[in-house]
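# What the coordinates show
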Amino acid sequence: MNPRRDAPGLPADPRPAAPRPPGDRSAGPSPTGDRVAEAAGPLLARVGRFTRAERWVHRATAALMAVCVVTAACLYVPELAELIGRRELVVRVHEWSGVLLPVPFLLGLASRAFRTDLGVLNRFGPHDGQWLRAALRRDKRPESRPAGKFNAGQKVYSAWIAGATLVMLGTGLMMWFTHLTPLAWRTGATFVHDWLALTIGIVLAGHIGMAVADPEARRGLRTGSVSREWAEREHRLWRP
């Protein structure tokens, strides 16, 4: 017993207490250990999903796609065309945003994580067929929709939007540089470009609607990490 510490009215012993051995709980919880555990808890409850490069590619592509859609609407909807005016400027913004659309993807290829995720998106397994069948039956139970890092719906959407973007780029260039192709080609390109643009707008609206309905998925694209509980429920075949 330390008489100086136990005597009433005397100041506490200024000497630091001896460190406790690991696992010793005889003297009660350690404040430092509690703070470490509290700080580690939230970190352990989240898992990394996307790197900074992947998030940058998604944001840049989304921004360019939004410009393409908005300017297209201003060119084809008479009410918007009258409201905005300056048709020549809108046409130039639309053309250049379309030409620049593949650039974030091409720059993203420098990221190893981005290339790895592209490989995952391009591979379909038996569980993807089960996911699609459950989606057609409108079965929303997580156990009926097994998925890895990306579910089958995301894989189908990625493949479709990539192909549609290439078609839009090709037909748009034919409409822009009119001297490079015959009139019949330009007429067909205009038809394909216009109707595919409408289809892309509808598909993008569905894509945005699904994102709005899943806050944790949006958080993963915004911060790069998702909750472990969400990952185990929605992507139970994924091993981060």
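Described below are features of the structure shown in this document. (Residues numbered from 1 in each chain as written. Predicted model: local features only at pLDDT ≥ 70, side-chain atom pairs only at ≥ 80, totals over all residues. Heavy atoms only, no water.)

### A look at a nonpolar patch on the surface
A surface patch of nonpolar side chains, amounting to about 610 Å² of accessible area, comprises V167, F191, V192, W195, L198 and I202. Top element by residues in the nonpolar patch is helix α10 (residues 183-212). It accounts for 5 residues. Residue placement: W195 occurs in helix α10. (Patch = residues over 30% accessible without salt bridge, like charges linked within 9 Å, V, L, I, M, F, W, Y side chains within 5 Å. Areas by Shrake-Rupley, 256 points an atom, 1.4 Å probe, with all protein chains shown as cover. Salt bridge = Lys/Arg side-chain N within 4 Å of Asp/Glu carboxyl O. Helix = DSSP H or I, 4+ residues; strand = E, 2+ residues; numbered from the N terminus.)

### Here we look at the nonpolar core
With 10 residues, the main nonpolar core is built from L64, M65, L101, Y157, I161, A164, M168, L196, I200 and L204. Of all the secondary-structure elements, those providing two or more residues to this core are α3 (52-76), α9 (152-176) and α10. Broken down by element, the residue count for this core peaks at 4 residues, all from α9. Filtering out sequence-adjacent residues up to four positions away, A164 remains in contact with L196 and I200. Listed in part, the 5 residues of the second largest apolar core include V47, V226, A231 and W238. (Core = buried A, V, L, I, M, F, W, Y, C linked by side-chain atoms within 4.5 Å. Buried < 20%, exposed > 50% of the residue type's maximum accessible area, 1.4 Å probe, protein only. Contact = heavy atoms within 4.5 Å.)

### A look at the packing of helix α8 (residues 126-136) against α9
Between α8 and α9, the least distance of the axes is 8 Å, while the angle of their chain directions is 95°. For the element pair α8 / α9, the angle class is roughly perpendicular. Residues H127, D128, W131 and L132 of α8 lie in contact with α9, whose contacting residues are A152, G153, K155 and V156. Of the residues contributing to the contact of α8 with α9, the split by class is 4 nonpolar, 2 polar and 2 charged. (Axes fitted to C-alpha atoms, helices over the stretch in contact; angles between N-to-C directions. Parallel < 35°, antiparallel > 145°, perpendicular 65-115°, else oblique. Nonpolar A, V, L, I, M, F, W, Y, C, P; charged D, E, K, R; others polar.)

### Overview of the environment of R92
Its location among the elements puts R92 in helix α5 (residues 87-100). Between the C-alpha atom of R92 and that of W176, which follows or precedes it by 84 residues, the distance is 9.9 Å.

### So, unusual backbone geometry
Positioned with a positive phi, R86 is a non-glycine residue whose angle comes to about 50°. In this fold, R86 is placed in the loop between α4 (78-84) and α5. The exposure class assigned to R86 is exposed, which follows from its relative accessible area of 64%. Backbone geometry at R138 places phi at a positive 60°, although glycine is not the residue there. Mapped onto the fold, R138 is located in the loop between α8 and α9. Given a relative accessible area of 72%, R138 falls into the exposed group.

### Describing the layout of surface pockets
Space inside the second largest pocket adds up to approximately 770 Å³. A72, H94, M168, H193 and A197 are the residues nearest the centre of the second largest pocket, which is lined by 28 residues in total. Within the residue set of the lining of the second largest pocket, elements represented by two or more residues are α3, α5, α9 and α10. Its residues assigned to classes, the lining of the second largest pocket shows 19 nonpolar, 6 polar and 3 charged. (1 Å grid on protein atoms, 1.4 Å probe; cavity = no way out; pocket = protein on both sides within 12 Å on 5 of 7 lines; lining within 4 Å. Points joined across faces, edges and corners; volume = space filled by probe spheres on them.)

### Observations regarding the packing of aromatic side chains
Counted under the stated rule, the structure contains 5 aromatic pairs. Considering the side-chain rings of F50 and F150, the 6.2 Å spacing of their centres and the 35° angle between planes classify their relative orientation as tilted. Taken together, the positions of F50 in the loop between β1 (46-48) and α3 and F150 in the loop between α8 and α9 put the pair 100 residues apart, joining distant regions of the chain. Taking the centre distance of 5.7 Å and the plane angle of 75° together, the rings of F105 and F114 count as edge-to-face. (Phe/Tyr/Trp six-rings, centres within 6.5 Å; stacked < 30°, edge-to-face > 60°.)

### A few points about the pattern of salt bridges
Evaluation of the coordinates by the stated rule reveals 9 salt bridges. A salt bridge links K149 to D117; the shortest N-O distance between them is 3.0 Å. You can see K149 sitting in the loop between α8 and α9 and its partner D117 sitting in helix α7 (residues 112-121), a full 32 residues away along the chain. Each member of the pair, K149 as well as D117, is classed as buried. Within the structure, one salt-bridge network assembled from shared partners comprises E88, R92 and E95.

### Thoughts on a positive patch on the surface
Residues R59, R218, R219 and R222 make up a contiguous surface patch of positive charge. With 3 residues, the top contributor of residues to the positive patch is helix α11 (residues 215-223). (Lys, Arg positive; Asp, Glu negative; His and termini not counted. Charge placed at Lys NZ, Arg CZ, Asp CG, Glu CD.)

### Quick look at the side chain of R145
Along the chain, the position of R145 falls in the loop between α8 and α9. At 6.0 Å, D139 is the nearest oppositely charged side chain to R145, a buried residue that forms no salt bridge. In this structure, R145 is in contact with W131, A134, A135, R138, D139, K140 and E234, ignoring residues within four places of it in sequence.

Shape is all these values report; function is a separate question.
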